[in-house]
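Now for the letters of each chain:
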Amino acid sequence: MASDYIPVSRVEGKASRQAHADLPDGTFERELGKEGFFGPAAMMYHKHPPTAWNNWSGPLRPRAFDLNKLDSGTPSFWDAPAVLQNASVKVRYWNLDKPMDYLARNGDGDELLFVHRGAGALFCDYGHLDYAKGDYLVLPRSTMWRLAPSEPTLVLAIECTNGSYKLPDRGMLGKHAQFDPAILDSPKIDDAFLAQQDETEWKVLIKRRGEISTVTYPFNPLDAVGWQGDLSVVRLNVKDIRPLVSARYHLPPSAHTTFVGDRFVICTFVPRPFEEDEGALKIPFFHNNDDYDEVLFYHDGDFFSRDNIEAGMVTWHPCGFTHGPHPKALQRMFVQPKKETDEYAVMLDTRDALEMGPGAQAVENPDYAESWKVDGAPVTNPVVPRHAAE
């Protein structure tokens, strides 16, 4: 039986013996990897930043979208504009300022609601659960639900099409790393849930195979008085995530995986201390998009690796080219590194190519690919190597 990859292990020319640390003087590291940082990889050491291009043409390019400019207030959740999508995942952006007077139900897959702004109550088959800024709400497939905001609510919705959300395998870290499963909250059959039950007409808007069907009840079908089992809606707030850190090594994005879907993962970046070792990179390293499309939704804070990016924006780096920190961020981190990051962001990595939805097309920044251009003197790398191989 053949192995998955052709085995190669060697050092050629001027290179570091440790990835993401002790770069040869005056070089910039670029990682070429397979399977989203889990497969075989090679580290290249270049004279120039790998993103120091001066022109782009053709459909493949880094893209950015300002969802703050999107008209995302819609009659129903299912009308929320699509941002990005493929056969395994669909991303929508939704603005809600009043309680839903209907129930939603997704027959196409699990739904994940990330609360970018706002607060309120979730009512669903399983009961009542309050939500607030920074909450992930994971809704199993075919759950009936509605939101009743107490503050205007902005939601990034990520559908796991024809699949289920799971927790990542944390391996030798154990199941309590990053967040303990005990921190996951589930709805309650409480007084608030019982009080919303009534005998008036309610409609359930069900999505299946991308089409909406409406079922009308002469009563509120969220009328459960109890339940038992190991399937439920769960809530996780980004501030309850305890990130993995290393003082001597810049960990890859995959170390921050929060949920796993079918052919995609969702990672969460939260504040963490920068690496302390003198020779360790303190910024995201340049790398190719080999096998995955990478999407970042910027939620809150100071996004240190990007220039002119604010909360509510999205960047999309399709598979097929090298990307990394912007030049100003690169220079700033080399010269005056801060002690810790101050950012919250949601990352979506998809194994299959994404397509832009109408929402993204309406608010794209067409000049984003030009933002890596360097004005004036080129960025230099003053990191002093200690274990470089000749």
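Here we summarise the structure given alongside this text.

Definitions and limits used
- Residues numbered from 1 in each chain as written.
- Predicted model: local features only at pLDDT ≥ 70, side-chain atom pairs only at ≥ 80, totals over all residues.
- Heavy atoms only, no water.
- Pairing = 2+ DSSP bridges.
- Helix = DSSP H or I, 4+ residues; strand = E, 2+ residues; numbered from the N terminus.
- Core = buried A, V, L, I, M, F, W, Y, C linked by side-chain atoms within 4.5 Å.
- Buried < 20%, exposed > 50% of the residue type's maximum accessible area, 1.4 Å probe, protein only.
- Phe/Tyr/Trp six-rings, centres within 6.5 Å; stacked < 30°, edge-to-face > 60°.
- Lys NZ or Arg CZ within 6 Å of the ring centre and 35° of its normal.
- Lys, Arg positive; Asp, Glu negative; His and termini not counted.
- Salt bridge = Lys/Arg side-chain N within 4 Å of Asp/Glu carboxyl O.
- Contact = heavy atoms within 4.5 Å.

Okay, the sheet that holds strand β16 (residues 264–269) next. Reading across from one edge, β15-β16-β21-β18-β19-β4-β23 is the order of the seven strands in this open sheet, with antiparallel pairing throughout. The open sheet is flanked by β15 (257–260) and β23 (364–365), the only strands paired with a single partner. Pairing between strand β18 (residues 293–302) and strand β19 (residues 313–317): four bridges, direction antiparallel. In the sheet register, Glu294 faces β19, and the bridge partner there is His317.

Before going further, it helps to spend a moment on the nonpolar core. In a soluble, globular protein the nonpolar side chains are often hidden away together inside. In this structure, Leu67, Tyr136, Tyr165 and Ile266 are the most contacted members of the largest nonpolar core, which totals 35 residues. No other element matches strand β11 (residues 144–161), which puts four residues into this core. Judged by nonpolar contacts, the second largest core, of 23 residues, contains Leu113, Leu122, Tyr126 and Val155.

This next bit is on the pairing of β16. Taken across its six residues, β16 has five buried, putting it largely inside the fold. As paired strands, β15 and β16 are joined by three bridges and run antiparallel to one another. Looking at the pairing, Phe259 lines up with Ile266 of β16. What sits between the antiparallel neighbours β15 and β16 is a turn of three residues, in which Arg263 has the positive phi angle 70°. Where β16 and strand β21 (residues 342–350) come together, six bridges link them in antiparallel fashion. Within β21, the position partnered with Phe269 by the bridge is Ala345.

Applying the stated criterion to the full structure yields 16 aromatic pairs. Taken together, a centroid distance of 6.3 Å and an interplanar angle of 75° make the contact between Phe114 and Phe297 edge-to-face. Within this pair, whereas Phe114 is found in strand β8 (residues 109–124), its partner Phe297 is found in strand β18, the two being separated by 183 residues in sequence. For the pair Phe114 and Phe297, a shared accessibility class is recorded, and that class is buried. An aromatic cluster is defined as three or more aromatic residues linked by ring pairs; in this entry it consists of Tyr93, Phe114, Tyr136, Tyr165, Phe259, Phe264 and Phe297. Its guanidinium or amino end placed over the ring of Phe179, Arg170 lies 4.6 Å from that ring's centre, counting from NZ or CZ.

Along the polypeptide, Arg146 turns up in strand β11. Nearest to the buried, unbridged Arg146 among oppositely charged side chains is Asp198, at 6.9 Å. Excluding residues that lie within four positions of it along the chain, Arg146 makes contacts with Met100, Tyr102, Leu103, Ala121, Leu122, Phe123, Gln196 and Trp202.

Quick look at the sheet that holds strand β3 (residues 41–46) now. In space, the four strands of this open sheet follow the order β3-β2-β17-β20, with mixed pairing throughout. Of all strands in the sheet, those with a lone pairing partner are β3 and β20 (322–323), marking the two edges. Inspection of the sheet shows strand β2 (residues 28–33) paired to strand β17 (residues 286–288) by two bridges, in the parallel sense. When the bridges of β17 are listed, Arg30 appears paired with Phe286.

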